[in-house]
Amino acid sequence: MNEVITRSEELFREAVTVIPGGVNSPVRAFGSIGGRPRFIKSARGAFLYDEDGNSYIDFIGSWGPMILGHSHPDVLKSVQEACRSGLSFGAATAAEVDMAKLVCALVPSIDMVRMVNSGTEAVMSAIRVARGFTGREVIIKFSGCYHGHSDGLLVQAGSGVMTAGVPDSLGVPAGCTKDTLPAQYNDLESVREHFARCGEEIAAVIVEPVAANMGVVLPAPGFLEGLREICDRYGALLIFDEVITGFRLGIDGAQGYYGVAPDLTTFGKIIGGGMPVGAYGGRREIMEQVSPCGGVYQAGTLSGNPVAMAAGIAQLTILKEHPEYYSELNKKGDWFYGKIEEILKEMEKPWRVNHVGSLGCLYFTEQEVNDYEGAKTSDTKVFADYCNDMLRQGIYLAPSQFEAMFLSLAHTQELLEKTLLCIRNYFARQSQ
Ligand SMILES: *Cc1c(COP(=O)(O)O)cnc(C)c1O
């Protein structure tokens, strides 16, 4: 019998000869679940369509941006209109002012904002600003939090790195990470110890206010408040990396949701509405350090690109005009993840579900997951089996245990019920 080779398989075979690992970002590879990437041709609403004509209910949403669902007509229209005026000018545009005004209006801790092209760039730049502003060099980051792939932050960096099974990266000079001190998520004592030892040298503490790159780990009550307090006591800056949580947990992100204001915030993913955009912003006196206003150099040829701004502004404007969308989305999340917990209980599975708002994660461990150590106890072999089974049933989950599920407004009750049925099917088969 002839082996049937799918178009995705064929593309992957070509891809690996010209692209490292066949993908342009490691999280897209299916290596950790023992499969092959599906090559996606198009997406609409909550659905992805691959090159072989299969459709999937998508729980990645481009890793977060698609909060309105894929190919939202208003967002597409704005992009098409912007394209007609030219793709890039390398000069100031009105759209950049609109975007900056929008972000400053939506997020109270932000007086000024600078656009960049990715989350990595946003974080790298925010750290430079924190160092420039404080005149200090050391930063604290948490194990299992991911802040992009810049040298200094590839220390116990979560999902992509975790999945590949490499603790750090080759090619990062030791000198670049010597000023990065790792602490434990939800463990204020591990932060206090660093400050007690070298508090006068610490420029900033950077944290994902909800850690969403080791699955989903919620901040324990008092954790974010505690960080705020420690930073204030030592004159260090608190940076919230809201690349995932920004404009997702609410229009004012995790800082609004938990009521703790950072000094600097980084954005990515959602802020571009699907286009490659990042941003960092904060208090005026801090942001005025940025070149050409101040002495911290940071630049970008395509930053604030008019087409990218059009997509981001269109999505953010819709979200701003519909505050009820967030209550709807968060309610949907509570219901959906709660139902998964019910299924687990009913099927007598000891596994754990962590969730907040539209973000959630099913861990194949019996322990509570409150940090990186806890996340690592999940049985990734069972996850692989589950993930492949779901894919065969038409449910597209991130192909890694250490990623979140992202719900969007396009995930209707009917689609979520269908997904729950698939989850139930999986566990029923497993119990046989
Ligand atoms: C994705 C992510 C980044 C990096 O963003 P890129 O656009 O991939 O460079 C940084 N921080 C967090 C929290 C992220 O989830």
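Structural data are supplied above this passage.
What you are looking at is a predicted structure, and each value in this text was computed from that prediction instead of being measured.

Conventions and cut-offs
Residues numbered from 1 in each chain as written. Predicted model: local features only at pLDDT ≥ 70, side-chain atom pairs only at ≥ 80, totals over all residues. Heavy atoms only, no water. Helix = DSSP H or I, 4+ residues; strand = E, 2+ residues; numbered from the N terminus. Rg over C-alpha atoms; globule rule 2.2 N^0.38 Å. Buried < 20%, exposed > 50% of the residue type's maximum accessible area, 1.4 Å probe, protein only. Salt bridge = Lys/Arg side-chain N within 4 Å of Asp/Glu carboxyl O. Polar contact = N/O pair within 3.5 Å; in protein donor to acceptor, adjacent residues only side chain to side chain. 1 Å grid on protein atoms, 1.4 Å probe; cavity = no way out; pocket = protein on both sides within 12 Å on 5 of 7 lines; lining within 4 Å. Points joined across faces, edges and corners; volume = space filled by probe spheres on them. Pairing = 2+ DSSP bridges. Axes fitted to C-alpha atoms, helices over the stretch in contact; angles between N-to-C directions. Contact = heavy atoms within 4.5 Å. Near = heavy atom within 4 Å. Areas by Shrake-Rupley, 256 points an atom, 1.4 Å probe, with all protein chains shown as cover. Nonpolar A, V, L, I, M, F, W, Y, C, P; charged D, E, K, R; others polar. Expected span 1.5 Å × (residues − 1). Arc of directions from axis to C-beta.

1. Quick word on the overall build of the protein
Consideration 1: Scanning the protein from N- to C-terminus turns up 15 helices and 14 strands.
Consideration 2: Expected size for 432 residues packed as a compact globule is a radius of gyration near 22 Å; at 21 Å, the protein falls within 12% of this value.
Consideration 3: Overall, the protein is about 65 × 55 × 45 Å in size when its C-alpha atoms are taken along their principal axes.
Consideration 4: With 432 residues in all, the protein has 54% of them scored as buried.

2. Quick look at the pattern of salt bridges
Consideration 1: Scanning all chains against the criterion turns up 14 salt bridges.
Consideration 2: Of the charged contacts in the structure, one is a salt bridge between Lys178 and Asp179, with a shortest N-O distance of 3.3 Å.
Consideration 3: When its relative accessible area of 17% is taken as the criterion, Asp179 is described as buried.
Consideration 4: One connected set of salt bridges, linked through shared partners, spans Arg228, Asp232, Asp263, Arg283 and Glu285.

3. A short note on the environment of Lys178
Consideration 1: By secondary structure assignment, the location of Lys178 is in the loop between α6 (174–177) and β6 (180–183).
Consideration 2: Sequence separation between Lys178 and Gly152 is 26 residues, and the spatial gap between their C-alpha atoms is 8.1 Å.
Consideration 3: Within polar-contact distance, the side chain of Lys178 engages the side chain of Asp179 at 3.3 Å.

4. Brief notes about empty space enclosed by the protein
Consideration 1: By the definition in use, this model includes 2 cavities of 30 Å³ or more.
Consideration 2: Size it by volume and the largest cavity reaches roughly 90 Å³.
Consideration 3: If you trace the largest cavity, you find it lined by Gly360, Cys361, Leu362, Phe383, Tyr386, Leu397, Ala398, Ser400, Gln401, Glu403, Ala404 and Met405.
Consideration 4: The dominant element in the lining of the largest cavity, judged by the number of residues it contributes, is strand β12 (residues 359–363), at 3 residues.

5. Observations regarding the sheet that holds strand β7 (residues 202–207)
Consideration 1: Taken in spatial order, the 7 strands make up an open sheet running β4-β10-β9-β8-β7-β5-β6, and their pairing is mixed. Edge positions in the open sheet fall to β4 (112–116) and β6, since each of these has one partner strand only. Sheet twist, expressed as the average angle between the axes of neighbouring strands with direction ignored, equals 20°.
Consideration 2: As paired strands, strand β9 (residues 264–267) and strand β10 (residues 278–282) are joined by 4 bridges and run antiparallel to one another. In the strand pairing of β10, Leu264 is matched with Gly282.
Consideration 3: Sheet strands in contact with helix α4 (residues 119–134) are β4, β5 (138–142), β7, β8 (237–241), β9 and β10, and its direction is about 165° off that of β9.

6. A word on the side chain of His411
Consideration 1: Mapped onto the secondary structure, His411 falls in the loop between β14 (405–406) and α15 (413–431).
Consideration 2: With relative accessibility at 2%, the residue His411 sits in the buried group.
Consideration 3: A polar side-chain atom of His411 sits 2.9 Å from the main-chain amide nitrogen of Ser408.
Consideration 4: With near-sequence residues (within four places) excluded, His411 lies in contact with Ala46, Ile57, Asp58, Phe59, Lys332, Phe406 and Leu416.

7. Examining the site of the ligand
Consideration 1: Taken together, Ser118, Gly119, Thr120, Tyr146, His147, Gly148, Glu208, Asn213, Asp241, Val243, Ile244 and Lys269 make up all the residues around the ligand.
Consideration 2: Within the side chain of Asn213, a nitrogen or oxygen atom sits 3.1 Å from an oxygen atom of the ligand.
Consideration 3: Interatomic distance of 2.6 Å between a side-chain N/O atom of Lys269 and an oxygen atom of the ligand.
Consideration 4: Compared with its free state, where it exposes 380 Å², the ligand has 83% of that area covered by protein.
Consideration 5: Class assignment of the residues belonging to the shell around the ligand gives a composition of 3 nonpolar, 6 polar and 3 charged.

8. Topic: helix α3 (residues 94–106)
Consideration 1: The end-to-end C-alpha distance of α3 is 18 Å, a good match for the 18 Å that 13 residues give at a rise of 1.5 Å each.
Consideration 2: Looking only at α3, the buried set comprises Met99, Leu102, Val103 and Leu106. The buried residues of α3 occupy one face: seen down the axis, they fall within an arc of 95°. Exposed residues lying more than 90 degrees from the buried face of α3 are Ala94, Lys101 and Ala105.
Consideration 3: Elements that come into contact with the buried residues of α3 comprise β4, β9 and α11 (306–321).

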